[in-house]
Structure formats: structure tokens, C-alpha cells
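The chain contents come next:
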Amino acid sequence: MKPVVTAVALEYRDTFTFARLDVNTQPEKTIEYHIRGTPTYIVFKDGEMIGGFVGAMPSTNLVENILGMLGIEETE
Amino acid sequence: MKKLICSLLTLSLALFVLTASYAQEDADIDILRAADVNTDGMINILDLVLVAGFFGETPTEEQTLNPDINGDGKINILDLVLVASHFGETVRLPAVLEGVEPGGGSELIPNDSIMLMFDHPPEDITVSEGVFTITDNTVTITGPFTPGTLELTVTWADGSETRNYTIRQPADFMSSEPESGSELIPNDSITLTFDHPPEDVTVSEGVATITDNTVTITGPFTPGTLELTITWADDSETLNYTVRQSAALERVEPAVASELIPNDSITLTFDHPPEDVTVSEGVETITDNTVTITGPFTPGTLELTVTWADGSETLDYTVRQLVGLERVEPTVESELTVDGSITLTFDNPPKDVTVSEGVFTITGSTVTITGPFTPGTLELTITWADGSVAYTYTVAEPDTESPSITGGTISDGDEDVKAEAINSGALIEIAFSEEVSGTIALQTEAGDDVGWLGKIEGSKGTLELVKGKELDPETTYVIAGKVEDAAGNETDIDITFVTASAYDGIPIEVTDADFETVVLGSKIPIVVDFYKDG
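Residues numbered from 1 in each chain as written. Chains lettered and ligands numbered in written order. Predicted model: local features only at pLDDT ≥ 70, side-chain atom pairs only at ≥ 80, totals over all residues.

**Student:** Requested: an account of the overall build of chain A, with residues and values cited.
**Tutor:** Secondary structure assignment for chain A yields three helices and three strands. Starting at the N terminus and ending at the C terminus, chain A contains elements arranged as α-β-α-β-β-α. Relative to its 76 residues, chain A shows a buried fraction of 32%. Across chain A, every contact between residues at least 6 apart in sequence was considered, and the portion connecting residues at least 24 apart equals 36%. (Helix = DSSP H or I, 4+ residues; strand = E, 2+ residues; numbered from the N terminus. Buried ≥ 20, exposed ≤ 12 C-beta atoms within 10 Å, placed from the backbone. Contact = placed C-beta atoms within 7 Å.)

This is the structure in C-alpha cells:
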């Protein structure tokens, strides 16, 4: 999945930032956000969690989910 | 000689016979009395013998018995004839006034009586005023006489007498002020009113002053029972009083013009127990010679008037507002430094402040107590005019340790610091080991201020991004400043870091520690990929 994330992060770097947190080494936030499986994506905007989804998926689905949560229509 | 006397007596008898027709009723009383030569009240042979004994002689002035009956200067047959003509008659003796009581010129009252004493019972009494009664040799004339001048003429058979008197109006007691039975003090005065001016006034106690119909009796009277008898020319009156000891104010505590608080009390000490005590403010309590006046008194000027039976006194005081403690900082039982201070705030400026430890200063309603205090338990007692409090603190050992940097967004020497992450979080935080104050700034390596807002608060220093002043990639920055703790221990802030190259779209690796800053502090949307390495 890392290549998908890396590609999306690069392509949409002007729209959103991608961050990664290793659930094995950072248990505090893993527990706090009730992470049950990986990968889990949680979208934050202005310091607030606005949504999330679980599971590996193609980049188009990944982008669609993220932009949908951000309320941004894909122009491409 | 004897023959001659006998002859004369014989002749007298013959003349008596010859003059038998001499009318006795026509006899002049003066002739009768002259015929009674020996003045024994009877005209008899003894009188004839006396005339006969001096017959032919001329009476001399030295003679106590005068046989010249007709007063012609010769003792002769005519005198014998006069004696013989009244022979055997009784002669009333003339009444001579011997004394008058009271004497002329005296002052009487209308119902007085005047006594005239005669040597013999007088006859044919008449008086110009009053009513007379005769008892033996005494004539008593009783009134009522008309007030004013009395010219009293008494006429009797043998004479008359005029005596002048002054008849004054008698004075009757009308009233006394205060009334009998009242209570007095030694220096009181008693006023007696009469219907007319009294005379010859005497009093059993005190001094009497007479003004018209009024007699004023002034003391000092002896304390106790006063049985006052007033005697005047016409009567007397006894009035009973109780003379109590008057009370004089000796001292006042606290002194006049002192400053009081509302619940203070004022004590007045008298030389004797005062009576009828009233006060204009407060409540009075009387115990023997002492009057205690208790508040609450109204704050401000107190003009306290104390009135008692014998006087009054006005005492001026200033009553100030009670001062109460409102708060103390730091809180009781907290920890102080050796050089710390304690601030007490009152509702009004306190007075007479003392503290058991430290040095205090008063500013308005605030008292500040400063050390140095002895490390350990501080039992501090603060006393002021209206109260006191005792507080316990713990005085810590002197703090000689400088504050240190314990963590933060960036550590000294960090490299590859993700500028985007910092910029997105817009905040750099530095943690200190204790509460500090001071300054903090973000500078370039050359020492120029980047323009972020630096703030030291509590045990944290923050640098907040100002829009347009974002961190640049691949740049060396210095977080500089200076902080000090409450004890004045200083620490220089000198954190140098270098930012990484510009964000290239590679996901940022976040940790639990910087999650708040990088993720929640991000100004642009951020997607976190929770992944499991491997």
C-alpha cells in the first residue's frame, strides 16, 4: 500500500498532507483513535477528525474517499 | 396742843352738822380725793386729824400728805369743813397706767392684743380701735386691727393714753418647691411661698433669703433626712426632705476625643452613684459609681450626651469603621520561598498592625509581609486594631537551581526538521522544568528575529507563527531567550535547529509526541495513515 499512499501524497500535496503513524511503535494514538486494523486512514481538518476508512484500496478510491470527506470535487 | 386739837375736832363736828346739807353727789372727785388726806380710800377722823394737825399752816411742797383740801394755800377751817362734809365717804383711787404690752412703736399683726396695766382698776374705759376687756388692773385690747399705722387711744376715768403701732399683715405659708417629701441634693435650694412677706424668718438648716413673699433656703444640706423647720413671725412650718449625695463626674474612659470602634464601651466614673442617667446613644449600665455605655455606636462623629440627676456632660468621640480581613495570598498552608511575601487585603485600611515574623508594609487596605522567612514551618500571627489571625505556611529551602528545558517541539541540534509540519502546526513549544518568566524569540542563525510571537507562560514557552513568516526549508534557526524562576535563577534559551528540504509529497512520519502539533495543529487538511510496519 505504501506506493499508493506515496503517489497520492505526491499528487495531492497542494491539497492535503499525508502523514503516517506506525501502530506498533505509537500505541497512544492508536488506542485513542480505536485503530482495529491497518491500514486505517483518518482525515483531519482544522484539528478535527472529519472521517476515516479502513482497508487497502486503489489510489482512485483512496483519493475519492479523501476528497469526498473534504468536500472537494475531483477536477481531473 | 391736845386741847386745841380737841377743840378743832369739836368744831369740825359742829361744822359737819352745819354742812350736812352739802350735796355729796355734787362732790368733785378731786375734792373727795383731797379730803382723803391719808389716801386710804376713806374720809374719816384720820383725815380730820391731819387737817387739824396742820391747821393754820401753809403746806410745803415737801409734804407727802397735803391737808390743804381746797388748795388755797392755807390749812384752815375751810379745809376742815370739806373733810367734814364728806366724812364717812369712800374715795375711789385714781388708776395710773403703769405699763403697756407691747410697747408703743411695736409691730403687731391684726389679731394681736395690747395689754395696759394700771395700778388700780381703771374705770370708764374707751378705746379708739379694737375691743377691750378689763380684768382687775389690766385692760386687754384685742383686734382685729387694720393693717397699717395704728394710733390707739385708750381713755379711762383718770386719764388717757395714745400709743402708736404698726399693724402688719401676717404671712401664711402657701407652698414649697420642691414639695415636702421630695429628694434633694446638698446644694439644692428650697423656695417657700407666703401670701405676704414673712418676717423674722429663721430656718433650722441652710441659709434663708427673703424676697417679697418668697423665702429661698439654700444649702449645702447634710445628706440624709432633712427635717427643715422654718419659723417666721407668724408661724412655723416643718418640711421633710431626703437629701441625697449629688454625683459629680470624675473621669471618663476612654478619654474624650479618642477614637472608638462601634462596639467599644465608655466608662464614666462619678464620686457618688448617679441617678436618672440617660445617654444620647448606646446603652447605659450603672454599677455603684460607674456608668458604662456600650455601643454599637454609629461610625463617624459621636457626640454623646450623658445626663444624670445632677448634671450633664457631652463627650465627643470619633467612631471608626471596624476593619475586617477579606483575603490572604498566597493561600494559607501553601509553600513560600524564604524571600516570599504574603499579602493581606482588608476592607478598610487597618491600624496598629503587628506581625510575628517578617517585615510588613501597609498600602491602603493592603498589608504586605515580606521575608526573609526561616525555612520550615512558618506560624505567622498578624494583629491589627480590630482583630488578629494566625496562619501557617511552609517556607521552602532557597531555590538555587536554574530552570531547565525539559522538552518541546524541537530540541537543540535537531536537523531535518520538517518545516511544513511546523508551519502547518504554526506553533513551536518549549517545556521548562518549573514555572518561569522571561522572553523567547525565533531568530535566524545571524540573530535576526524571524517575527514569530514569543511568549513565556507557566512552565512553557511558545512561538506562534505569524502568517507570512513561515519556516523555510533547509535553514538554520535559533530559538533564543532568557527565563528565570521565582527565585530569580536564570537560564538562557539557545536551541538551534535546521529545517529539512521542502515538502516533496512524502508522507510525514508522526509520533504520539508530535501528533498534537503536526496533525491537530495543521492548518491544511491532513490524512493519517495508521500502518503496521512490515
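Alright, that's what it looks like, and here's the rest.
**Student:** So, the overall build of chain B: which residues are in play, and what are the values?
**Tutor:** Counting its secondary structure elements, chain B contains six helices and 41 strands. Burial status across chain B gives 28% buried among its 534 residues. Of the contacts made within chain B by residues no fewer than 6 positions apart, 54% connect residues no fewer than 24 positions apart.

**Student:** Account for the packing of helix α3 (residues 45–53) of chain B against helix α4 (residues 77–85) of chain B, naming residues and giving values.
**Tutor:** All names here are of chain B. The interhelical angle for the contact between α3 and α4, taken along N-to-C directions, is 180°, at an axis separation of 10 Å. Judged on the interaxial angle alone, α4 and α3 are roughly antiparallel. On α4, the residues touching D47, L48, V51 and A52 of α3 are D79, L80, V83 and A84. A per-class count over the contact of α3 with α4 returns six nonpolar, no polar and two charged. (Axes fitted to C-alpha atoms, helices over the stretch in contact; angles between N-to-C directions. Parallel < 35°, antiparallel > 145°, perpendicular 65-115°, else oblique. Nonpolar A, V, L, I, M, F, W, Y, C, P; charged D, E, K, R; others polar.)

**Student:** Account for α4(B), with residues named and values stated.
**Tutor:** α4(B) sits mainly inside the fold: seven of its nine residues count as buried. Among the residues making up α4(B), those that are buried are D79(B), L80(B), V81(B), L82(B), V83(B), A84(B) and S85(B).

**Student:** Give a description of the sheet that holds strand β20 (residues 278–279) of chain B that names residues and reports values.
**Tutor:** Residues and elements named next belong to chain B. With mixed pairing, four strands are arranged side by side in an open sheet as β18-β24-β23-β20. In this open sheet, the two edge strands, each paired with only one partner strand, are β18 (259–260) and β20. Summarising the sheet, β18 and strand β24 (residues 311–319) pair through two bridges and their orientation is parallel. From the neighbouring strand, L260 faces β24, where its bridge partner is V319. (Pairing = 2+ DSSP bridges.)

**Student:** Could you give me a rundown of the interface of chain B and chain A, with the residues and numbers involved?
**Tutor:** Contact residues are listed per partner, giving 26 residues for chain B and 30 residues for chain A. Of all the elements in the fold, those that place two or more residues in the side of chain B that touches chain A are β40 (508–509), α6 (515–520) and β41 (526–531) of chain B. Considering every element that reaches the side of chain B that touches chain A, the biggest residue donor is β41(B), with six residues. Along the lines of polarity and charge, the residues of the side of chain B that touches chain A split into 16 nonpolar, five polar and five charged.

**Student:** How would you summarise the nonpolar core if you had to cite specific residues and measurements?
**Tutor:** Membership of the largest hydrophobic core comes to 50 residues, with the highest contact counts inside it found for A19(A), I479(B), V527(B) and V528(B). For this core, the leading source of residues is β41(B), giving five residues. Once residues lying within four places of it in the same chain are set aside, the contact partners of I479(B) are I428(B), I430(B), I440(B), L442(B), L463(B), I493(B) and I495(B). By size, the runner-up hydrophobic cluster in this structure holds 18 residues, among which are I43(B), F55(B), I69(B) and F87(B). (Core = buried A, V, L, I, M, F, W, Y, C linked by C-beta atoms within 7 Å.)

**Student:** I'd like to hear about the sheet that holds strand β2 (residues 107–108) of chain B, residue by residue, with values.
**Tutor:** All names here are of chain B. What the four strands build is an open sheet, ordered β2-β8-β7-β4; its pairing is mixed. Looking at strand neighbours, the two that pair on one side only are β2 and β4 (126–127), the edges of this open sheet. Bridging between β4 and strand β7 (residues 148–156) involves two bridges; their strand directions are antiparallel. From the neighbouring strand, V127 faces β7, where its bridge partner is V154.

**Student:** Describe unusual backbone geometry, and please don't skip the residues or the numbers.
**Tutor:** Residues and elements named next belong to chain B. Following E329, the chain continues into P330 via a peptide bond in cis, with omega recorded as -5°. Mapped onto the secondary structure, P330 falls in the loop between β25 (325–329) and β26 (335–336). With omega at 10°, the peptide bond leading from G371 into P372 counts as cis. Of note, T39 is a non-glycine position whose phi angle comes to about 50°, a positive value. Within the secondary structure layout, T39 lies in the loop between α2 (29–35) and α3. The backbone of D136 shows a phi angle near 55°, a positive value even though the residue is not glycine.

**Student:** Explain the pairing of strand β11 (residues 189–194) of chain B to me, and be specific about the residues and the numbers.
**Tutor:** All names here are of chain B. Burial of β11 is one-sided: the residues I190, L192 and F194 facing one way are buried, the residues S189, T191 and T193 facing the other way are not. As paired strands, strand β9 (residues 173–177) and β11 are joined by four bridges and run antiparallel to one another. Directly across from S175, in β11, lies its bridge partner T193.

**Student:** I'd like to hear about the environment of V306(B), residue by residue, with values.
**Tutor:** Turning to its location among the elements, V306(B) is positioned in strand β23 (residues 300–308). Apart from the residues within four sequence positions on either side, V306(B) is in contact with L268(B), V277(B), V279(B), V291(B), S312(B), E313(B) and L315(B).

**Student:** Talk me through helix α1 (residues 2–11) of chain A; I want residue IDs and the actual numbers.
**Tutor:** Taken residue by residue, α1(A) has V5(A), V8(A) and A9(A) as its buried positions. Buried positions in α1(A), seen along its axis, are confined to an arc of 100° and lie on one side of it. On the buried face of α1(A), the contacting elements are β1 (17–22) and α3 (59–70) of chain A together with β41 of chain B. (Arc of directions from axis to C-beta.)

**Student:** A description of the packing of α1(A) against α3(A) should follow, citing residues and the corresponding values.
**Tutor:** Residues and elements named next belong to chain A. Where α1 meets α3, the axes come as close as 10 Å, and the angle between the chain directions of the two elements is 50°. When the axis of α1 is compared with that of α3, the two are oblique. As for how α1 packs across α3, the hand of that crossing is right-handed. For the pair formed by α1 and α3, the contact residues are V4, A7 and V8 on the first element and S59, L62 and V63 on the second. For the contact of α1 with α3, the residue count by class is five nonpolar, one polar and no charged. (Left-handed = near helix turned anticlockwise from the far one by under 90°.)

The values are spatial; any link to function lies outside them.
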